[in-house]
Structure formats: structure tokens, C-alpha cells
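# Structure at a glance
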Amino acid sequence: MATTTTTVETSSGPVVGRSKNHCLLFAGVPYAQPPLENLRFKPPVPHTPWVEPQEALKFGPAAPQIATGGMTDAVPVRWDEDCLTLNISTPGCDAAGRAVLVWIHGGGYRTGQGSIPWYNGASFCQNGDIVVVSINYRLGALGFTDLSHLGEEYANSALLGTLDQIAALRWVEDNITAFGGDPAKVTIAGESAGGFSVATLIGCRSAQGLFHRAIPQSGAAQHTLPKAASARVTEVFLERLGIDDAIGLASVSVDEILRAQAETCAYFEGGAGLNNQLGVPVSAFYPAHETPLLPESPLDAIKAGVGREVAVLTGSNSDETTLWGYGRVDEDKLERIAAGLHAERLVEVYQKTRATDDPETLAIAMTTDHMFRIPAIRLAEARLGHTDQTWLYQFDWASRVEKLKATHALEIPFAFDNLHQPGVDAFIGPGDKPQHVAEAMHTAWIDFINMGDPGWATYETDARTTMMFADASAAVRDPAPVERQAWEGIR
């Protein structure tokens, strides 16, 4: 049976998509020039136009990365520096003016790609009449190395991946009408580093107006590096690479860059979410503030009112850090983990609020709160006084896989209604698929993307309403208040 194709004219030239999953899919569409030759370590620029129709029938390569074997990747990663592409799933290339979801993948700013099956947008197209866009952006050292000491043209080199995301949003603004979308109804969303990216864009003045709603999942506005820390990462990276000039950086192989990147990350790692040799609980090769693009941290910018026009739905999962865990934890190790969070006094608090939990469970609770739940609450609170358009959720459905519980990334296939996709069973475990939980979460996301309201009360400090997605989903008032209060004053 012949594949049905559709041709759409974009600002760069015509692209040819195909019918798939009762939608039209345009895969691997370039949104910016490849970061090759003299463009490496520099901001993205518009792609050179083409005249002949360009096939957009298969996904483009991921950004250069070291494979991690994550459960969400069904096949080995195919990567290339020519990676600045996006994928569009749409119910139709017509004049319907649909709401648009732009998904930014996670992966610690080092791995991932927009084509992972968990991010398949077909359910949003079919159930919500939504146009879905997923993007690739530069990662790791190629996307987030501060080379500003080499000259003004590198002033924002610590944020190239962020600039790629902004370039993709500008492409959407210019082109999405032709794919049946409305550029005035754009929601950005992402999980983990994708969620950090969304929160960073909320607090980025240069990105305002390119999106109107935002869903940072397991990622808030505290995860950027101060410039001094970013510069220290660069120092170690260049030492490992043995290069400190623009010509060398433009000509060295990507494999060498990835090797030096891995060595640099190993040098600084302090454990997931723990303070490291940089003095912050943020990893190497993350976006940097105190830069031209981000003069202040995203959280401080949001506290000052940046992003006030954007409706925000944010939250986290109940047991995020079971995904990587902390091994066997006894009382002494629990104390060391708390010290790594600069939160020694919280051990006694959690021992009282969770009196029946063992030290390992307490460590998971504390690190989950430190890295994800408390930052989400702080993002919501930073917007108070500027807007009443903020909603908070918590994903509480527990995996049937031993010790995973409501782990990091587990909510993604629920929000996308993709429980049937490869790798999901390994996360949710044996038994019937919890489709009713997926339907509840997916419906809330559809309602927020289409109408700007997920269906429960907005976040205010008098009630702190939080939607708990579980076997019996319900909005609750101020969950775990004693633990929340205990984090006051701790970064």
C-alpha cells in the first residue's frame, strides 16, 4: 500500500510528510543551520533555503551524545552534529488554528532526542486536536560550554542549547500555521532537563512571547549554573581536551569532545542532586546564568515578574530518585547524604514524619524533595503576586517494579497516553495497564494546552492545592506540609 504524502511550504522551503497513526507526521525538519565548521560553539542561524521539496519522512539524528542505555531508548542512538531538527504531528494541514504543544526532551542536558517513542504525539492529535512538535537541541559540551573568554561571539556559548530551543520556537511561530496550528496558542513542555529548559525559558526575557503556556515536569527554575561555576567547568574541560583556542575547538573531532566531556563530568560529579565540587547541586554542562541571555537566575527573574503572562502547570513525582538510587543506606550514609544537600537538620524531621521508613526510603524522600518537589513549589510561589495562572500536580502512581515506586520519568507515557509504547512495560511492571490514570493525566494536559486550565484549583498559599495522580486521582490540600516547611532557607 502506497504511503500518503503531504507537501507543506515552510520559510526554508517545501517539506514532504506522511500519514502515520491517523495523523500527518513531518519528521527531521531543519529549523536552523547545522552547527558545523565555523558555527560550532556559536548561536544557531536560519537554515539555508532550499527549492526542491525535502522529504521529512524519517527522524533526524540526535545531538552528539554518549549512549546511556536508558529504558526509554528502544534502539541505539544515531547522532550527528547536523541535529537541529524538529518533528511535527498534526491532525491536518488546514486552517483550523489548533493549539500547539512543543516538547523539549530530557536527559540531563547530555542525552536524549525528540523522536523517543514515549514522546509520540499521536494521542494528543487524536484526543485533543493538538499539533505536537518535538525538537532536538545541542547537548553537553557542544551545547553548554562557557567560551566567553574567547571573545564576544562566544558570549552566550554556555547557553547554545537554550538558544537552539528559542530558534525552534521562532521557527514554530513563523511556520506552524501551515501545519494547522496557531502560533498564539503555543504550550512548551518537557521533563527533567526538558522541564529545567521550560522553566529557564519562562525566566528568559528573550523568549517571552514565543509561548503562552508551559508545563515543566520534574524540572523547575533552580537548575542553572552561576557563571563562575560554568567557567570552572570550561577550565577542566579544556584541560582534558588539550585545546584553548577557537581554531582547535572548531577542528577537533566530536569523539574527542565527548571524551573530554565525560572526563569533566566525572571530575565534578557529587551524586544525583548533591552538592559537588562546583558548590552547587547542579551538574556540569548545564545552562549558565549571569550571562547576556540570562542576566539572573531563572527563579530570580520569575520572582521579578518575568513570565507573568504565561500560564504554568508544574509538578513532580513522589519517588523521583529511585531511578538511580543511592545503594544500601544506613543511618551514617543517610547523614552523609543530608550533608551533601546542606540539609543535616532535615534527617530528624523526616524520621518523625515517616517514622516507619528505613534509611534508604528516607534518603529517596529527601533527595526527591530537594531536587524536584521543593523547586516546583518554589517556582509556583515565585509567580504569586504576578499571576494567578499556576497549577501544581504530583504523580503518585507507584510502579509495580520493585523499589521504583513513582519514579523519575514514569509520568511521561501517562501524560502522552502512550502506555503501549516500547519500554513502558519495563517501568510500570506486570499486570493490567493503568489506563485510567493515563486518561486522567492526559485529559488534564489536553485541557491545559487547549484552554489554559487543567481542571483543579490554582496554586495559592492558603490552600496549596495539588492534584495527586494515582489510582484514585484527586486534588489535595498542602501535601506533606511539615517537610515542605523544613526546606525553607535551604538551596
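Structure first, text after, so check above.
My aim in this report is to walk through the structure given alongside it, one point at a time.

Cut-offs used in this document
Residues numbered from 1 in each chain as written. Predicted model: local features only at pLDDT ≥ 70, side-chain atom pairs only at ≥ 80, totals over all residues. Heavy atoms only, no water. Core = buried A, V, L, I, M, F, W, Y, C linked by side-chain atoms within 4.5 Å. Buried < 20%, exposed > 50% of the residue type's maximum accessible area, 1.4 Å probe, protein only. Helix = DSSP H or I, 4+ residues; strand = E, 2+ residues; numbered from the N terminus. Contact = heavy atoms within 4.5 Å. Polar contact = N/O pair within 3.5 Å; in protein donor to acceptor, adjacent residues only side chain to side chain. Phe/Tyr/Trp six-rings, centres within 6.5 Å; stacked < 30°, edge-to-face > 60°.

## With respect to the nonpolar core
- Residues F26, Y31, V102, V133, I188 and F211 are the most contacted members of the largest nonpolar core, which totals 111 residues.
- Sort the elements by how many residues they give to this core and helix α11 (residues 359-382) lands first, with 13 residues.
- Filtering out sequence-adjacent residues up to four positions away, V133 remains in contact with L86, N87, I88, V100, L101, V102, W103, V172 and I176.
- Grouped together as the second largest cluster of nonpolar side chains are 39 residues, A189, F416, V437 and A438 included.

## Brief notes about the environment of D94
- Mapped onto the secondary structure, D94 falls in the loop between β5 (85-90) and β6 (98-104).
- Taking relative accessible area as the criterion, D94 reaches 35% and is therefore assigned partly exposed.
- If near-sequence neighbours (up to four positions away) are discounted, D94 is found in contact with T177 and G180.
- Reaching out from D94, the side chain makes a polar contact with the side chain of R98 at a distance of 2.7 Å.

## Description of the packing of aromatic side chains
- Here the structure, examined in full by the defined rule, presents 19 aromatic pairs.
- Considering the side-chain rings of F26 and F179, the 4.9 Å spacing of their centres and the 85° angle between planes classify their relative orientation as edge-to-face. In this pair, F26 sits in strand β3 (residues 23-30) while F179 sits in the loop between α3 (160-175) and β8 (181-191), placing the two residues 153 residues apart along the sequence.
- Put simply, the rings of W103, Y119, F124 and F416 touch in pairs and so form one group of aromatic residues.

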